[in-house]
Amino acid sequence: MIEVQNLTKTFSIGKEKLTAVNNVSFQIEPGEILGLVGESGCGKSTLGKLLVRLERPTEGKIFFEGKEISNSSDRHLCRKIQMIFQDPFASLNPRMTVDALIREPLVVHRLPVGHIVEELLDLVGLPKNAASRFPHEFSGGQKQRIGIARALALKPQFLICDEPISALDVSIQAQIASLLQRLQKELNLTYLFIAHDLAMVRYLSTRIAVMYLGAFVEIAPSDMLFEKPLHPYTELLLASIHLPNPELERKRTRVFISGDPPSPLHPPPGCPFSTRCPKAMPICRIERPKLVQIGEGHEVACHLYDEL
Ligand code: SF4
């Protein structure tokens, strides 16, 4: 459904150049949920905005169902790719009723509204009378349900979910995650699910891509990534998460990644993770490792696997 080839996005900051997305290539199959994880500032959201064309690429190409859309403003294609935003508080206009918020994308695209507001409210688990109310009358979880209904109004095929649960209370996160999972199955949707909560990404995703300083460092089917992570950064990310089983959590030593990621304005030479990697070798500070296939659907960018 989606093919990305050598996608790069740079921003000018004064006289300097910030590379937010650095030569990224991948595909997403129809019906797949690709999880995208990494620390904040690693370029995940910029990549999402490039796919929904809120940003234009500096280099590289994006294809949707085989058609290049990198710089397209085709209205029909716009409808097929939609985004769910991280902050339901900021993404809904407080002066509009829920009815107006959900019907707005249809009005903009000059499409008939019919009973779609009622249908969408029902689909996302909100009562019919929600339509006449304003966003401030709802809880965080309910606001995100409104955001999801709005994103579905144009009947998209591909949804970019940009940390859709991270701003919510922990007790609500699982409800919204299972709503997204149900909608994906019922409506046969394809997702790019951006998050920093690895446990949630595993629960939802078919495959997971790990991003560091604008580039993919590892991509693999979810179970494979959790059972046999290859990249030292992925290993550290997994070692730093909470285990749901309290007994296992008590027994193991949690490891945290030391230091902060380098500024994307001044990335280190060679491997971008070399300044924090416990396994760094002399070559790591000179030569940037390429993303190479190690096993079935498992790719990694690390010099530890050069000889395999
Ligand atoms: Fe660590 Fe070197 Fe691999 Fe980079 S290439 S992750 S520095 S071992």
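Before going further, it helps to spend a moment on the overall build of the protein. A count of helices and strands for the protein gives eleven helices and twelve strands. Principal axes of the C-alpha set define a box for the protein whose edges measure 65 × 50 × 40 Å. Each of the 308 residues in the protein was classed as buried or not, and the buried ones make up 50%. For the protein, the proportion of contacts with a sequence separation of at least 24, taken over those separated by at least 6, is 62%. Separation between the mean location of the 35 positive side-chain charges and that of the 34 negative ones in the protein comes to 5 Å.

Time to look at the environment of proline 88. Mapped onto the fold, proline 88 is located in helix H3 (residues 88-91). Residue classification places proline 88 among the buried positions, given a relative accessible area of 1%. Taking the C-alpha atoms as reference points, proline 88 and proline 156, separated by 68 residues in sequence, lie 19 Å from one another. Once residues within four sequence positions are removed from consideration, proline 88 is found in contact with Gly140, Lys143, Gln144, Ala167 and Leu168.

Right, let's get into the sheet that holds strand E5 (residues 67-68). Strand order in the open sheet made by the four strands is E2-E1-E4-E5, with antiparallel pairing throughout. Strand pairing shows two members of the sheet lacking a second neighbour, strand E2 (16-28) and E5, which therefore form its edges. Note: strand E4 (residues 59-64) against E5, two bridges, orientation antiparallel. What sits directly across from phenylalanine 64, in E5, is lysine 67.

Throughout the structure, instances matching the rule amount to four aromatic pairs. Residues tyrosine 212 and phenylalanine 273 carry aromatic rings whose centres are separated by 5.0 Å and whose planes lie at 85° to one another, so their mutual orientation is edge-to-face. Taken together, the residues tyrosine 212 in strand E9 (residues 207-212) and phenylalanine 273 in the loop between helix H11 (246-251) and strand E11 (292-295) connect sequence positions 61 residues apart. What makes tyrosine 212 buried here is its relative accessible area of 1%.

Okay, the packing of helix H6 (residues 140-152) against helix H7 (residues 170-186) next. Two elements in contact, H6 and H7, have axes whose closest approach is 10 Å; the angle formed by their N-to-C orientations is 20°. Looking at the two axes, H6 sits roughly parallel to H7. Relative to H7, the crossing made by H6 is right-handed. In contact with Gly141, Gln144, Arg145, Ile148 and Leu152 of H6, H7 contributes Ile172, Gln175, Ile176, Leu179, Leu180 and Leu183. Considered class by class, the residues forming the contact of H6 with H7 number seven nonpolar, three polar and one charged.

In terms of burial, E9 is largely enclosed, as six of its six residues are buried. Across the two faces of E9 the burial is the same, with Arg207, Ala209 and Met211 and Ile208, Val210 and Tyr212 all buried. Here strand E3 (residues 33-37) pairs with E9 via four bridges, running parallel. By the bridge assignment for E9, valine 37 is matched with valine 210. Inspection of the sheet shows E9 paired to strand E10 (residues 215-221) by six bridges, in the antiparallel sense. Bridge pairing in E10 places alanine 209 opposite isoleucine 219. Remark: two residues form the turn of the hairpin made by E9 and E10, two consecutive strands paired antiparallel; leucine 213 in that turn has positive phi of roughly 50°.

A word on the site of the ligand. Around the ligand, 13 residues are found, and the nearest of them are Cys271, Cys277, Cys284, Cys302 and His303. Here the residues of the shell around the ligand sort into nine nonpolar, three polar and one charged.

Here we come to the sheet that holds strand E8 (residues 190-195). With respect to topology, eight strands assemble into an open sheet ordered E6-E7-E8-E3-E9-E10-E12-E11, the strand pairing being mixed. Since the sheet does not close on itself, it has two edges, and those belong to strand E6 (81-84) and E11, each with one partner. Within this sheet the neighbouring strands show an average axis-to-axis angle of 20°, counted without direction. In the packing of helix H1 (residues 44-51) onto the sheet, contacts are made with E3, E6, strand E7 (158-162), E8, E9 and E10, and the angle to E8 comes to roughly 155°. Lying on the sheet, H7 is in contact with E3, E6 and E8; it crosses E8 at an angle near 160°.

Quick look at the environment of proline 229 now. Here proline 229 lies in the loop between helix H9 (222-227) and helix H10 (232-239). Filtering out sequence-adjacent residues up to four positions away, proline 229 remains in contact with Glu218, Met224, Thr234, Glu235 and Leu238.

With that settled, consider the side chain of arginine 53. Among the secondary structure elements, arginine 53 is positioned in the loop between H1 and E4. When near neighbours in sequence (up to four residues on either side) are disregarded, arginine 53 contacts Ile69, Ser70, Ser72, Leu77, Cys78 and Ile81.

Rules used in this analysis
Residues numbered from 1 in each chain as written. Predicted model: local features only at pLDDT ≥ 70, side-chain atom pairs only at ≥ 80, totals over all residues. Heavy atoms only, no water. Helix = DSSP H or I, 4+ residues; strand = E, 2+ residues; numbered from the N terminus. Buried < 20%, exposed > 50% of the residue type's maximum accessible area, 1.4 Å probe, protein only. Contact = heavy atoms within 4.5 Å. Lys, Arg positive; Asp, Glu negative; His and termini not counted. Charge placed at Lys NZ, Arg CZ, Asp CG, Glu CD. Pairing = 2+ DSSP bridges. Phe/Tyr/Trp six-rings, centres within 6.5 Å; stacked < 30°, edge-to-face > 60°. Axes fitted to C-alpha atoms, helices over the stretch in contact; angles between N-to-C directions. Parallel < 35°, antiparallel > 145°, perpendicular 65-115°, else oblique. Left-handed = near helix turned anticlockwise from the far one by under 90°. Nonpolar A, V, L, I, M, F, W, Y, C, P; charged D, E, K, R; others polar. Near = heavy atom within 4 Å.

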